[in-house]
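Reading the structure
Residue-level listing of the chains:
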Amino acid sequence: MEIFPAIDIMDGAAVRLTKGAFDTKKVYSDDPESVYAGFIAEGAEHLHIVDLDGARSGKSTNFEVVKRLAAMGGDTEIGGGIRDMRRAESYLNLGVSRIILGTAAVENPSFLKEALKEWGNRVAVGVDVLNGIVRVSGWERGSALDGEEFVKRLSGEGVKRIIYTDISRDGVMKGLDTELYGRLSRNKDSEIIASGGIGSLQNVKELLPTGVYGVIIGKAIYEKAFSVSEAVRLGDKK
């Protein structure tokens, strides 16, 4: 199971939110590059980057920060505010491994289809869910989509990597719904990455039997509940 340390960027800083609420912002570093370098030094091979300002506004607010992070190497994925082909291409041209579409995948299926045709596996989709329903625009607006059904639809449309975030657990550090991720992972056509709720190495261990491809870890690392290197070693066991 692959470990994805997260760097969420707001106003150029590395921050964490609780349950996606912007007024809960806690700044952990004004230098995301040093955070990134630290993750790599601890053995992380995959990095998950989100432009929170972009997710909310639909603009590439922290593009220059992402540009500097992408130049540091590693397997990187970036999401937040990517809503058209031009912006998607601008990120991919930086050298990131893949882009993550969220709001756009829900509200503009033709864009998702075009992006998949153009870039294939370099396109992932973030499915952000609260009480079973997909949310968009930085998690501030609801949709009419059931989360699990949307995952099935995306998989059928050729999306090879899906990041499923349980908003109710994000930043709370009280564990994930392992039964949910087990159900999602039964479909072998897509890699499922779990997100939201990791608070201990035991939580990471509990995900191993579910079959998820990977897990995103954020606040638990920043709050020093355990280290990136410990999580990487645990993930390597399966």
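Nothing here was measured: the structure is a model prediction, and the numbers come from that model.

**Section: the packing of helix α1 (residues 32-41) against helix α3 (residues 63-70)**
Between α1 and α3, the least distance of the axes is 10 Å, while the angle of their chain directions is 30 degrees. When the axis of α1 is compared with that of α3, the two are roughly parallel. For α1 against α3, the interelement crossing comes out right-handed. Along its contact with α1, which presents Pro-32, Glu-33 and Tyr-36, the element α3 presents Val-65, Arg-68 and Leu-69.

**Notes on the side chain of Asp-8**
Turning to its location among the elements, Asp-8 is positioned in strand β1 (residues 2-10). Within the structure, Asp-8 has its side chain in polar contact with the side chain of Arg-16 (distance 3.1 Å). The residues touching Asp-8, leaving out its near neighbours within four places in the chain, are Ala-13, Ala-14, Val-15, Arg-16, Val-50 and Leu-52.

**Here we look at empty space enclosed by the protein**
Tallied over the full model, the rule gives one cavity of 30 Å³ or more. Each pocket or cavity is described by its volume, and for the largest cavity that value is around 580 Å³. Lining the largest cavity are 42 residues, with His-48, Val-50, Asp-128, Trp-139 and Thr-165 sitting closest to its centre. Counted by class, the lining of the largest cavity contains 19 nonpolar, 16 polar and seven charged residues.

**A few points about the nonpolar core**
Formed by 66 residues in total, the largest nonpolar core has its most connected members in Val-127, Tyr-181 and Ile-217. Among the elements that take part in this core, helix α6 (residues 109-119) stands out by supplying five residues, more than any other. Dropping the residues within four chain positions of it, Ile-217 is found in contact with Ile-3, Phe-4, Pro-5, Ala-6, Ile-198, Val-204, Phe-226 and Ala-231.

**As for unusual backbone geometry**
Keep in mind that most residues, glycine aside, have a negative phi and that most peptide bonds are trans. Phi angles above zero are rare outside glycine, and Asn-131 is one such case at about 55 degrees. Here Asn-131 lies in the loop between β7 (123-130) and β8 (133-136). Positive phi outside glycine occurs at Trp-139, with the angle close to 75 degrees. Looking at the secondary structure, you find Trp-139 in the loop between β8 and β9 (141-146).

**Digging into the confidence of the model for the chain**
Taken residue by residue, the chain gives an average pLDDT of 95. The fraction at 70 or more is 100%. Considering each helix and strand of the chain separately, the mean pLDDT is smallest for helix α2 (residues 52-57), with a value of 91, and largest for strand β12 (residues 214-217), with 98.

**A closer look at the side chain of Arg-16**
Inspection of the secondary structure puts Arg-16 in strand β2 (residues 13-18). Given the relative accessible area of 7%, Arg-16 is considered buried. Once you skip the residues sitting within four places of it in the chain, Arg-16 turns out to touch Ala-6, Asp-8, Thr-24, Lys-25, Lys-26, Tyr-28, Gly-218, Lys-219 and Tyr-222.

**Points about the pattern of salt bridges**
For the coordinates displayed, the defined rule picks out 14 salt bridges. Between Glu-33 and Arg-68 there is a salt bridge, with the nearest N and O atoms lying 2.9 Å from each other. Of this pair, Glu-33 sits in helix α1 while Arg-68 sits in helix α3, and the two are 35 residues apart along the sequence. Judged by relative accessible area, Glu-33 falls into the partly exposed class, the value being 28%. We note a salt bridge from Glu-77 to Arg-161, for which the minimum N-O separation is 3.4 Å. Placement of Glu-77 in strand β5 (residues 75-79) and of Arg-161 in strand β10 (residues 161-166) is noted, with a sequence separation of 84 residues between them. Take Glu-77: its relative accessible area is 0%, and that puts it in the buried class. Through salt bridges with shared partners, a single ionic network connects Asp-75, Glu-77, Arg-98, Arg-161 and Glu-191.

What counts, and where the lines are drawn
- Residues numbered from 1 in each chain as written.
- Predicted model: local features only at pLDDT ≥ 70, side-chain atom pairs only at ≥ 80, totals over all residues.
- Heavy atoms only, no water.
- Axes fitted to C-alpha atoms, helices over the stretch in contact; angles between N-to-C directions.
- Helix = DSSP H or I, 4+ residues; strand = E, 2+ residues; numbered from the N terminus.
- Parallel < 35°, antiparallel > 145°, perpendicular 65-115°, else oblique.
- Left-handed = near helix turned anticlockwise from the far one by under 90°.
- Contact = heavy atoms within 4.5 Å.
- Polar contact = N/O pair within 3.5 Å; in protein donor to acceptor, adjacent residues only side chain to side chain.
- 1 Å grid on protein atoms, 1.4 Å probe; cavity = no way out; pocket = protein on both sides within 12 Å on 5 of 7 lines; lining within 4 Å.
- Points joined across faces, edges and corners; volume = space filled by probe spheres on them.
- Nonpolar A, V, L, I, M, F, W, Y, C, P; charged D, E, K, R; others polar.
- Core = buried A, V, L, I, M, F, W, Y, C linked by side-chain atoms within 4.5 Å.
- Buried < 20%, exposed > 50% of the residue type's maximum accessible area, 1.4 Å probe, protein only.
- pLDDT = per-residue confidence, 0-100.
- Salt bridge = Lys/Arg side-chain N within 4 Å of Asp/Glu carboxyl O.

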